[in-house]
Amino acid sequence: MRTRFKTLTVGMVLATAAMAGCSSTTGGSAGAIQDDVTSPAPTSSSSSAGPTSSPDQVGPSPAPTEAPASPVASPTDLPSPTDSPDDPALLGSTDVNNNVCDSGLEYECGDIGSSGVGTIFYASSAPFACGANMESSCNYLEVAPNGWNGKLVNCNGCGGNPNKTSDWGQSSIGTGKGYAYCTGSGNDNRIPNASGVIIGFGYMNTSAMLSMCDSGNAAEQVRGYTGGGQTDWSLPSLYELNALFYYPDRNAIGGFAADDYWSSTQYSKYNAWFQNFTKGNQRYYEEKNPNGVRPVRAF
C-alpha cells in the first residue's frame, strides 16, 4: 500500500448532502455529466472559515498578483470556499497542500484511473461532492498523460522532463504559446458558477466557462479531450491544481512545464487563478493571458 501524503489539514466543508461513490459517463456529447446519484452525508466534518467573496475589480490587474510566495503553503495561503451562489459550501478537502493519497482503496495514487489513460494523484477515503451540479460523489482525481493533446511542443519556460509538453500547444497548431483562460463575454464579466475553489469543483467551473468564453480557450481544450472515451475531463479547480502540483510523483507522469498553469477558478470579472509549477505560487491575473493547461477528471 502507498504512504498517505497529507500535510496540514485546515478543515473540510460540509454539504447539505454529500455522497458515496460515483462514476463518469463514457459516451455522448462533450457536455456529458458525471452521475447525479445522491446518498447520505458523512456524520462529521469541520468547516473552514475565510472571506465570503472575492471583490470585482475596476479593471485588469497590471501584473500578476501573488497569493503564497513560498512553495510551502501556510493556512492562509489559499482562498477559502464561500457560501455565495457561485461557490456553495460543499464537502471537499481544504488540506493546505491537498496531498491526499489514502491507502486501502480500490484505486491508489499512482494507479491508472478509471479512464484507463490517466494517473491517480488524489485518492480520498472521504468522498467529495463533484459533477455538473455538485450532486455526485467522488473519491479520486486523475490527470491526463503527457502528450494528451496529440503533439508535444517546445514551450517558453518549459523546464520539465522531458522538455516538451502538449500543455502549451494544440494538436493541429503546436504553437507552444499556451491558452487564454477566457476571451469573449466571460473575459470582463463574472462567469456564474466558475468561482468554485475546493476539490470537486473543476467540472462545474469548466462547464460554466464554456458558456461565456470563445473557442480556443482553456476550457474548450480540456473538455475536447476524450482520453479513455471519457467526456468529463476538465480544467482543475484551484485546490485540484494545488493537489496536482504537490503530488510527490508528478514528474513520473511527465510533460509538466516549469511555468504557469490555469485553474478553472475565476477570481473576479477580469482575473482568474493560476499556479506556478516551479515554486507553487498561486496568483490571479488577466484572463486573456496565455498559460498551460492539463486536463483532470473526478470519479
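This structure is a prediction, so every number in the text was calculated from the model and none was measured.

Draft legend 1. View of the pairing of strand β4 (residues 119–130). In terms of burial, β4 is a largely internal element, 10 of the 12 residues being buried. Two strands pair when backbone bridges link them, and β4 and strand β5 (residues 136–143) are joined in this way by 7 bridges, in the antiparallel orientation. The residue of β5 that forms the bridge with phenylalanine 128 is cysteine 138. Between β4 and β5, which pair antiparallel in sequence order, lie 5 residues; one of them, glycine 131, sits at a positive phi of approximately 95°.

Draft legend 2. Quick look at the sheet that holds β5. Taken in spatial order, the 3 strands make up an open sheet running β4-β5-β11, and their pairing is antiparallel. One side of each edge strand has no neighbouring strand; the edge strands of this open sheet are β4 and β11 (296–298). Each strand of the sheet is rotated relative to its neighbour by a mean of 20°, with strand direction disregarded. Note that β5 and β11 share 3 bridges and pair antiparallel. In the strand pairing of β11, glutamate 142 is matched with arginine 297.

Draft legend 3. Examining the pattern of salt bridges more closely. Counted by the stated rule, this structure contains 5 salt bridges. In this structure, arginine 283 engages aspartate 260 in a salt bridge whose closest nitrogen and oxygen atoms are separated by 3.2 Å. One end of the pair, arginine 283, is in strand β9 (residues 282–286); the other, aspartate 260, is in strand β7 (residues 260–266), and 23 residues separate them in sequence. The residues arginine 283 and aspartate 260 share a single accessibility class, namely buried. Across the salt bridge formed by lysine 288 and glutamate 286, the nearest N and O atoms sit 3.9 Å from each other. The class of lysine 288 is exposed, set by a relative accessible area of 52%. Through salt bridges that share partners, Glu142, Asp232 and Arg297 make up one connected network.

Draft legend 4. Examining unusual backbone geometry more closely. Despite not being glycine, asparagine 98 shows a phi value in the positive range, around 60°. Note that asparagine 98 resides in the loop between β3 (92–95) and β4. Take asparagine 98: its relative accessible area is 0%, and that puts it in the buried class. A positive phi angle, close to 55°, is found at methionine 134, a residue other than glycine. Tracing the chain through its elements places methionine 134 in the loop between β4 and β5. Residue methionine 134 is classed as buried on the basis of its relative accessible area of 4%.

Draft legend 5. The packing of aromatic side chains, seen in detail. With the rule as written, the count across this model stands at 17 aromatic pairs. Seen from their ring centres, tyrosine 107 and phenylalanine 299 are 5.1 Å apart, and the 90° between their planes marks the pair as edge-to-face. Here tyrosine 107 is found in the loop between β3 and β4, whereas its partner phenylalanine 299 is found in the segment after β11, with 192 residues between them in sequence. Of the two residues examined, tyrosine 107 and phenylalanine 299, each falls in the buried class.

Draft legend 6. Region of interest: helix α3 (residues 238–246). Within α3, 9 of the 9 residues are buried, which leaves the element mostly enclosed by the surrounding structure. Of all the positions in α3, only Leu238, Tyr239, Glu240, Leu241, Asn242, Ala243, Leu244, Phe245 and Tyr246 are classed as buried.

Draft legend 7. Up close: the state of the cysteines. All told, the structure shown has 3 disulfides when counted by the stated rule. With a sulfur-sulfur separation of 2.1 Å, cysteine 101 is cross-linked through a disulfide to cysteine 109. Across the disulfide from cysteine 101 to cysteine 109, rotation about the S-S bond amounts to roughly -90°, and the bridge is consequently left-handed. Neither cysteine 101 nor cysteine 109 differs from the other in exposure class; each is buried.

Draft legend 8. Broad picture of the pairing of β9. Among the 5 residues that make up β9, 5 are buried, leaving the element largely enclosed by the rest of the structure. In terms of strand pairing, strand β8 (residues 271–276) meets β9 through 5 bridges, oriented antiparallel. Across the sheet, residue glutamine 275 finds its bridge partner in β9, namely glutamine 282. What sits between β8 and β9 in their antiparallel hairpin is a turn of 5 residues, with glycine 280 showing a positive phi close to 90°.

How each quantity is defined
- For every chain, the first residue of the written sequence is number 1, and numbering continues from 1 onward in sequence order.
- Local features in this predicted model are restricted to residues of pLDDT 70 or higher, and side-chain atom pairs are both shown and tallied only at a pLDDT of 80 or more, whereas totals for entire chains, interfaces and linings draw on every residue.
- Hydrogens are left out, water is left out, and the side-chain values use all remaining heavy atoms of the structure.
- Using a 1.4 Å probe on the protein chains alone, a residue whose accessible area is under 20% of its type maximum counts as buried, one over 50% counts as exposed, and one in between counts as partly exposed.
- Working definition: helices are DSSP H or I runs of at least four residues, strands are E runs of at least two. Numbering for both runs from the N terminus.
- The pairing criterion is simple: DSSP has to find at least two bridges between the two strands.
- In this analysis, axes come from line fits to C-alpha atoms, helices being fitted only over the stretch in contact, and the angle between any two N-to-C directions falls in the range 0 to 180 degrees.
- The rule for a salt bridge is simple: a side-chain nitrogen of Lys or Arg has to be within 4 Å of a carboxyl oxygen of Asp or Glu.
- Any pair of Phe, Tyr and Trp rings, taking the six-membered ring for Trp, is counted once the centres come within 6.5 Å. Such a pair is stacked with planes under 30 degrees apart, edge-to-face with planes over 60 apart, and tilted for the rest.
- When two cysteine sulfur atoms are found within 2.5 Å, that pair is recorded as a disulfide.

By themselves, these observations are geometric and do not establish any function.
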